[in-house]
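# A look at the structure
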Amino acid sequence: MLRLHVNPFDYTILGIYFALVVAIGVIARRAIATSEDFLLSGRSLPAWVTGLAFISANLGAIEILGMAANGAQYGLPTVHFYWIGAVPAMVFLGVVMMPFYYGSRVRSVPEFLLRRFNPATHLFNALTFALAAVLIAGVNLYALALVVNALIGWPIWVSIAVSAAFVLAYITLGGLSGAIYNEVLQFFVIIAGLVPLVIIGLHNVGGWSGLQDKISHTKLGASAFSTWGGVGIGNWTNPLGDWIGIVFGLGFVLSFGYWTTNFAEVQRALAAKDLNAAQRTPLIGAYPKIFIPALTIIPGLIALAVIPNLGTPKGATYNYAIPLLMGKYLPNGALGVALAGLLAAFMAGMAANVSSFNTVFTYDIWQTYIRRGRRDRYYLNVGRVVTVVGILIGIGTAFIASGYSNIMNYIQLLFSFFNAPLFATFILAMFWKRTTPWSGIAGLAAGTIGAAVMHFAGYHIGYFYPHQVYDPTHATINAQMLNFYGAIAAFVADLVVTVIVSLVTKPKPVSELGGLVWGVHDPNAPDPASVPKPVWWKSPKLLGGSALGIILVLSIIFA
């Protein structure tokens, strides 16, 4: 079993990192006087802070281990998760959707649904989001426990307890501000841990051309470096399936569903000091997102080239690609920084989900349906208690992820159930005034059922297997492709049912839709002419357009 030769110098680096984490929470506590301070940072943070936190919140175990695992298992087509599966949706969130969220002064994504639809839709979404948040928090905890157990030898329960304790400390002390400022720190620590790994690994395999040569002799072959090869309908050979699943399932439904409706991300933008800063939050985050594949996918490919039997019954699972490279290449000192980077990634991912869970539970469930009309101090205390509860539940859900050798498959499955239907509901709600209150919950329920039906039926459809040959054991099924089609099924089911129910039920009066629907003016909003225009380089449209231009060029180069 892999063991790293960690010395006192490495442990000193880890100790300094953990001390900084707690110190940030203590400092952030001084600014907390209300529940909004604790749960939304008082809407006071600058765009560069919320922008880095926005991307760092996504750099958890899902990103670091999951995308490296995808790189080793699928090759360069994994960039689709970034260039069409993230950046366009981040631009859409910043340019189009943040004015709705921030301008309406909602405190969460479910609260937006309460104003646009009705309490039933609101409660359904609040409960499903809370469930998804603790499930995903559990993924980060479980991944951390496995890695620390393998690398250092700590028992799994010790790894879980220690990491959960530190996340609990800085969120309970500093609330969302503590989480966000720690995520900024964690962003730089993660980068510092991964960059040396990529440089040393590429040097060891002979550079980019040497990596291509070595991968050509693996089971992926030369096609590992073609992002759009083999995506034809009916006879796909691409590791991610055909272009319908990639473009519509991943690039549209899953991507837009996650980045525009997942409160764990949107919450960072809502903490910004003004609307322009809120819009720039996902746009600032889009730029590092473009280039993060170099720090995740490339290590996965290097691991496939140099680690014997990776991803086979005789070797380690794909999830261990980066930890195995750390053990192979990094000397002491650099090893301590890399370990701190891994721990930072896991804690950032968990903190993002726990901080969004406590906000939704406190505001959207407890305050709205269980204990109304209490003093603000009461809800501040509830938020702190719920933080503890969320982490304890996360510890319990950590072991659900244990059945997946590639945690990205598990995560995409969760998104197809929870985010894909929600995106269909949002799109109709924001752009079609006729969408009615009761169509919201009907559509969400139908979308969730549609995802479940597609998921279970897909295992018996030969099209989702390599060479379109059905495998009765289901061992060779393309799980990512099935998740993409599950998201499409969820989106279509939600869309159809929402439209049908809207046509047979009564819509809200237009007077109640101000600021919630495109083209309906909010009478309480300030006069657009009175709002100061940002300097040109802070323009959301310029930032968004530039990001899209970069990924277009990169997509052509690596096609």
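Please read these numbers as outputs of a predicted model, since none were measured by experiment. (Residues numbered from 1 in each chain as written. Predicted model: local features only at pLDDT ≥ 70, side-chain atom pairs only at ≥ 80, totals over all residues. Heavy atoms only, no water.)

With that settled, the discussion passes to the overall build of the protein. The number of helices and strands found in the protein is 22 helices and zero strands. Oriented by its inertia axes, the alpha-carbon framework of the protein measures out at about 65 × 55 × 45 Å. In the protein, which comprises 559 residues, the proportion classed as buried is 60%. Taking the intrachain contacts of the protein between residues at least 6 apart in sequence as the baseline, contacts between residues at least 24 apart amount to 82%. When the accessible surface of the protein is summed, it comes to about 20,500 Å², and 69% of that surface belongs to carbon and sulfur atoms. Charged side chains of the protein number 29 positive and 17 negative; the gap between the two group centres comes to 5 Å. (Helix = DSSP H or I, 4+ residues; strand = E, 2+ residues; numbered from the N terminus. Buried < 20%, exposed > 50% of the residue type's maximum accessible area, 1.4 Å probe, protein only. Contact = heavy atoms within 4.5 Å. Areas by Shrake-Rupley, 256 points an atom, 1.4 Å probe, with all protein chains shown as cover. Lys, Arg positive; Asp, Glu negative; His and termini not counted. Charge placed at Lys NZ, Arg CZ, Asp CG, Glu CD.)

Phi is positive for Gln468, close to 55°, though the residue is something other than glycine. Although it is not a glycine, His474 adopts a positive phi angle of roughly 65°. Structurally, the position occupied by His474 is in the loop between α20 (437-458) and α21 (479-504).

Looking now at empty space enclosed by the protein. Scanning the entire structure with this criterion turns up four cavities of 30 Å³ or more. Approximately 100 Å³ is the volume attributed to the second largest cavity. For the lining of the second largest cavity, the elements supplying multiple residues, two or more each, are α8 (119-151) and α18 (407-418). Among the elements that take part in the lining of the second largest cavity, α8 stands out by supplying six residues, more than any other. (1 Å grid on protein atoms, 1.4 Å probe; cavity = no way out; pocket = protein on both sides within 12 Å on 5 of 7 lines; lining within 4 Å. Points joined across faces, edges and corners; volume = space filled by probe spheres on them.)

Here helix α6 (residues 87-103) spans 23 Å end to end across 17 residues, near enough to the 24 Å set by a 1.5 Å rise per residue. Met97 marks the point of greatest bend in α6, at about 60°, and the proline Pro99 comes within the next four residues. Most of α6 sits inside the fold, with 13 of its 17 residues counted as buried. (Expected span 1.5 Å × (residues − 1). Bend = angle between axes of the 7 residues up to and from the residue.)

Right, let's talk about the side chain of Asn419 for a bit. One can find Asn419 in the loop between α18 and α19 (420-431). A distance of 3.5 Å separates a polar side-chain atom of Asn419 from the backbone oxygen of Gly257. In this view, Asn419 contacts Gly257, Tyr258, Thr261, Asn262 and Leu414; residues no more than four positions away in its chain are not counted. (Polar contact = N/O pair within 3.5 Å; in protein donor to acceptor, adjacent residues only side chain to side chain.)

Bringing the environment of Ile550 into the picture now. Along the chain, Ile550 falls in helix α22 (residues 540-557). For the pair Ile550 and Phe100, spaced 450 residues apart in the sequence, the C-alpha separation amounts to 27 Å. In this view, Ile550 contacts Tyr287, Ile290 and Phe291; residues no more than four positions away in its chain are not counted.

The subject of this paragraph is the nonpolar core. The biggest cluster of nonpolar side chains holds 167 residues, and the ones touching the most others in it are Tyr101, Ile302, Met326 and Phe426. Of the residues forming this core, the biggest block, 16 residues, is contributed by α8. Look past the residues within four positions of Tyr101 in its chain and what remains in contact with it is Leu93, Val106, Val109, Phe112, Thr260, Thr261, Val266, Leu270 and Phe426. Listed in part, the nine residues of the second largest apolar core include Tyr463, Tyr465, Met481 and Leu482. (Core = buried A, V, L, I, M, F, W, Y, C linked by side-chain atoms within 4.5 Å.)

Our next topic: the packing of aromatic side chains. For the structure shown, the criterion picks out 25 aromatic pairs. An aromatic cluster is defined as three or more aromatic residues linked by ring pairs; in this entry it consists of Phe92, Phe252, Phe256, Phe423 and Phe491. The aromatic ring of Phe117 is capped on one face by Arg116, whose charged end is 5.6 Å from the ring centroid. A cation over an aromatic ring shows up here: Arg374 above the ring of Tyr378, its NZ or CZ 4.9 Å from the ring centre. (Phe/Tyr/Trp six-rings, centres within 6.5 Å; stacked < 30°, edge-to-face > 60°. Lys NZ or Arg CZ within 6 Å of the ring centre and 35° of its normal.)

Attention now moves to helix α15 (residues 321-329). Within α15, seven of the nine residues are buried, which leaves the element mostly enclosed by the surrounding structure. Of all the positions in α15, only Ala321, Ile322, Pro323, Leu324, Leu325, Met326 and Tyr329 are classed as buried.

Contact geometry for helix α7 (residues 109-116) and α19: axes closest at 12 Å, N-to-C directions at 45°. Judged by the angle between their axes, α7 and α19 are oblique. Taken as a pair, α7 and α19 cross one another with a handedness that is left-handed. Here Val109, Phe112, Leu113 and Arg116 of α7 lie close against α19, whose contacting residues are Leu422, Thr425, Phe426, Ala429 and Met430. (Axes fitted to C-alpha atoms, helices over the stretch in contact; angles between N-to-C directions. Parallel < 35°, antiparallel > 145°, perpendicular 65-115°, else oblique. Left-handed = near helix turned anticlockwise from the far one by under 90°.)

What follows concerns the pattern of salt bridges. The final tally for this structure, using the stated rule, is one salt bridge. We note a salt bridge from Arg115 to Glu111, for which the minimum N-O separation is 3.2 Å. Highlighted residues: Arg115 and Glu111, both in helix α7, separated by four residues, approximately one helical turn. (Salt bridge = Lys/Arg side-chain N within 4 Å of Asp/Glu carboxyl O.)

Our focus in this paragraph is the packing of helix α13 (residues 275-291) against α22. Contact pair α13 / α22: the axes reach a minimum separation of 9 Å and the direction vectors enclose 15°. Taken as axis vectors, α13 and α22 run roughly parallel relative to one another. The way α13 lies across α22 gives a crossing that is left-handed. Every residue of α22 that contacts α13 at Asn276, Gln279, Arg280, Leu283, Ala286, Tyr287, Ile290 and Phe291 is listed here: Pro540, Leu542, Leu543, Gly544, Ser546, Ala547, Ile550, Ile551 and Leu554. Tallied by class, the residues present in the contact of α13 with α22 amount to 12 nonpolar, four polar and one charged. (Nonpolar A, V, L, I, M, F, W, Y, C, P; charged D, E, K, R; others polar.)

Turning next to the side chain of Ser56. With respect to the helices and strands, the residue Ser56 is situated in helix α3 (residues 47-56). For Ser56, a relative accessible area of 0% corresponds to the buried category. If we skip the residues at most four places from it in the chain, Ser56 touches Glu183, Gln186, Phe187 and Ala348.

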